[in-house]
Amino acid sequence: MTIVALGINHKTASVELREKVAFSPEQMSEALQQLSGHAHFNEAVIVSTCNRTEIYCSLAERNSQTLLHWLASFHGLDEQELSNNIYYHEDHEAINHLMRVSCGLDSLVLGEPQILGQIKQAYHNAKTHDAIGVTFDRLFQKTFSVAKQVRTETDIGASAVSVAYAAVNLAKHIYGKLDKTNVLLIGAGETIELVAKHLYQNDPQKITVANRTIERAKTLASEVNADVIALAQLPERLHDADIVISSTASTLPIIGKGVVEQALKKRRHKPMLFIDIAVPRDIESQVGELDAAYLYSVDDLQAIVSENIAAREQAAEQAQAIIRSRTDEFAMWLRSLDSVDLIRHYRNDVQDIKSELVEKALGQLQAGKEAEKVILELANKLTNRLMHAPTRAIQDAAKKGEAAELSQLKKMLGIDQE
């Protein structure tokens, strides 16, 4: 049996090709049924996300083209084009790759935790379709355990490595819990959308979205249970916000020093946090000169992100050490399965020899042959039969001058090395 991992991801292929190789829920069901019923595949798990599609499979025979051919055929793609954009790992490397992916070490954002949930879902899908046996069940349970250990024993997921996440973390650092804060988001683009999602997980008291296009703001607001206002309403509503996070495509500042001064007066100078992640800036730099206003720019956040990326890279090295150790453990377990089969076969062969010779000896005794001669003949034949294979192996190794093999045979046969 050979364990393989065949995949395509954001490092190896364009989004256009990744889209063609991705599996929809309907295709996933059909694909797992095909793989589980295929003569060449023993077990299979398919992971399909926006950034990667990977197939983990155990092959009855070592043939890297079998799985590639199936994947190209399933999606109706050119096999050569697919071959130019995939990666392929076998056995120890395949196991190591699965564990690295599950721990977020192969993700676009180093250490991101979502991939583990996606792999768990892939495992459950495969199990539902009877595409998993004893080996893969053990492999994936081991992988989930490794991912948990990495999260517990390293700081791989402790630091913010996106500007949006860093903005929310900064707010948490200043305010502690956000459950008593009112947050104003200015803009409704991709960055603010990410900020809103991170915020929502921290349960602020209130979120308000201000945008030039009200309909776009309503779409975002519906996802995070937020209120909506127009940009023109900012001067009259700014004082309600404890935290203001802004990211628009405006070429001119949206919030000036004077507007913030008025807001602070209405708040009786209760502090306000301003995080400007727009380029060009949405908030005038002079706002930071006000006593109760604390202004952070995208450059401040980028510095935090850079430090955190360095911290995650250090944690990734610690994680890889854990993964190497756990990969070796699983590989050792796999080898033990081979030894169990070998011992079983050897015992069966010896048992067959014994049964054959005992049956013959009993026949001789029943025929009246002298018992002492029957026993002696049985002992000699049993000894010769059991010695035949080891003797041939020793002779062959000696003829070829294989000293290491001879030493191993001595050890296996319990021959004194002195």
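Since the model is a prediction, treat every value here as computed from it, not as a measurement.

(A) Geometry of helix 6 (residues 114-128). Taking 1.5 Å of rise per residue, the 15 residues of helix 6 would be expected to cover 21 Å, and the 21 Å separating its terminal C-alpha atoms lies within 8% of that figure. Burial in helix 6 covers these residues: Ile115, Leu116, Ile119, Ala122, Tyr123 and Ala126. Looking down the long axis of helix 6, one finds its buried residues gathered within 120 degrees of arc, a one-sided arrangement. With respect to the buried face of helix 6, the exposed residues turned more than 90 degrees away are Gln114 and Thr128. Looking one or two residues beyond helix 6, the residue adopting positive phi is Asp130, at roughly 55 degrees.

(B) A look at the sheet that holds strand 1 (residues 2-9). Read across the open sheet, the four strands follow the order 2-3-1-4; overall the sheet is antiparallel. In the strand order of this sheet, the two ends are held by strand 2 (41-48) and strand 4 (87-90), each with one partner. Here the average twist between neighbouring strands, direction ignored, is 15 degrees. Pairing geometry for strand 2 and strand 3 (residues 52-59), over seven bridges, is antiparallel. By the bridge assignment, Ile46 is partnered in strand 3 with Ile55. Relative to the sheet, helix 2 (residues 25-36) contacts strand 2 and strand 3, its axis offset from that of strand 2 by approximately 160 degrees. Packing against the sheet, helix 5 (residues 91-102) makes contact with strand 1, strand 3 and strand 4, and its axis sits at approximately 115 degrees to strand 4.

(C) The arrangement of the environment of Leu264 in detail. Tracing the chain through its elements places Leu264 in helix 12 (residues 257-266). Linking Leu264 and Leu238, residues 26 residues apart in sequence, is a C-alpha distance of 9.0 Å. Excluding residues within four positions of it along the chain, Leu264 makes contact with His269, Lys270, Met272, Leu290, Ala292 and Ala293.

(D) Highlighting the UniProt feature "binding site: NADP(+)" (unreviewed entry) in the protein. Following the UniProt record, the feature "binding site: NADP(+)" (unreviewed entry) maps to Gly187, Ala188, Gly189, Glu190, Thr191 and Ile192 here. Along the chain, Gly189 falls in the loop between strand 5 (182-186) and helix 9 (190-201). Relative to the helices and strands, Thr191 resides in helix 9. Excluding anything up to four places from it in sequence, Thr191 contacts Ala164, Ser247 and Ile277.

(E) Structural detail: the nonpolar core. Judged by nonpolar contacts, the single largest core of 61 residues is most densely connected at Ile46, Leu67, Trp70 and Phe140. A per-element tally of this core places helix 13 (residues 298-366) first, with eight residues. Not counting residues within four places of it along the chain, the set of residues in contact with Trp70 comprises Phe23, Ala31, Gln34, Leu35, His38, Phe41, Ile46 and Ile55.

(F) Broad picture of the environment of Asn85. With respect to the helices, strands and loops of the structure, Asn85 is situated in the loop between helix 4 (79-83) and strand 4. Separated by 102 residues in sequence, Asn85 and Gly187 have C-alpha atoms that sit 38 Å apart. Among residues more than four places away in sequence, those in contact with Asn85 are Gly7, Ile8, Thr12, Ala13 and Leu17.

(G) Molecular detail of the pattern of salt bridges. Counted under the stated rule, the structure contains 18 salt bridges. A salt bridge links Arg52 to Glu54, with the nearest nitrogen and oxygen atoms 2.9 Å apart. Accessibility classification places Arg52 together with Glu54 in one group, the buried group. Salt-bridge contacts for Lys257 lead to Glu289; the nearest nitrogen and oxygen are separated by 3.4 Å. One end of the pair, Lys257, is in helix 12; the other, Glu289, is in the loop between strand 9 (272-276) and strand 10 (293-297), with 32 residues separating them in the sequence.

(H) Here's a closer look at the environment of Ala230. For Ala230, the location among the structural elements is in strand 7 (residues 227-230). Judged by relative accessible area, which is 22%, Ala230 ranks as partly exposed. As a C-alpha pair, Ala230 and Arg212 span 18 residues in sequence and 5.9 Å in three-dimensional space. For Ala230, the residues in contact, after removing those within four places along its chain, are Asn211 and Ile214.

Criteria and cut-off values
Residues numbered from 1 in each chain as written. Predicted model: local features only at pLDDT ≥ 70, side-chain atom pairs only at ≥ 80, totals over all residues. Heavy atoms only, no water. Helix = DSSP H or I, 4+ residues; strand = E, 2+ residues; numbered from the N terminus. Expected span 1.5 Å × (residues − 1). Buried < 20%, exposed > 50% of the residue type's maximum accessible area, 1.4 Å probe, protein only. Arc of directions from axis to C-beta. Pairing = 2+ DSSP bridges. Axes fitted to C-alpha atoms, helices over the stretch in contact; angles between N-to-C directions. Contact = heavy atoms within 4.5 Å. UniProt positions renumbered as here; feature names shortened; annotations may be inferred. Core = buried A, V, L, I, M, F, W, Y, C linked by side-chain atoms within 4.5 Å. Salt bridge = Lys/Arg side-chain N within 4 Å of Asp/Glu carboxyl O.

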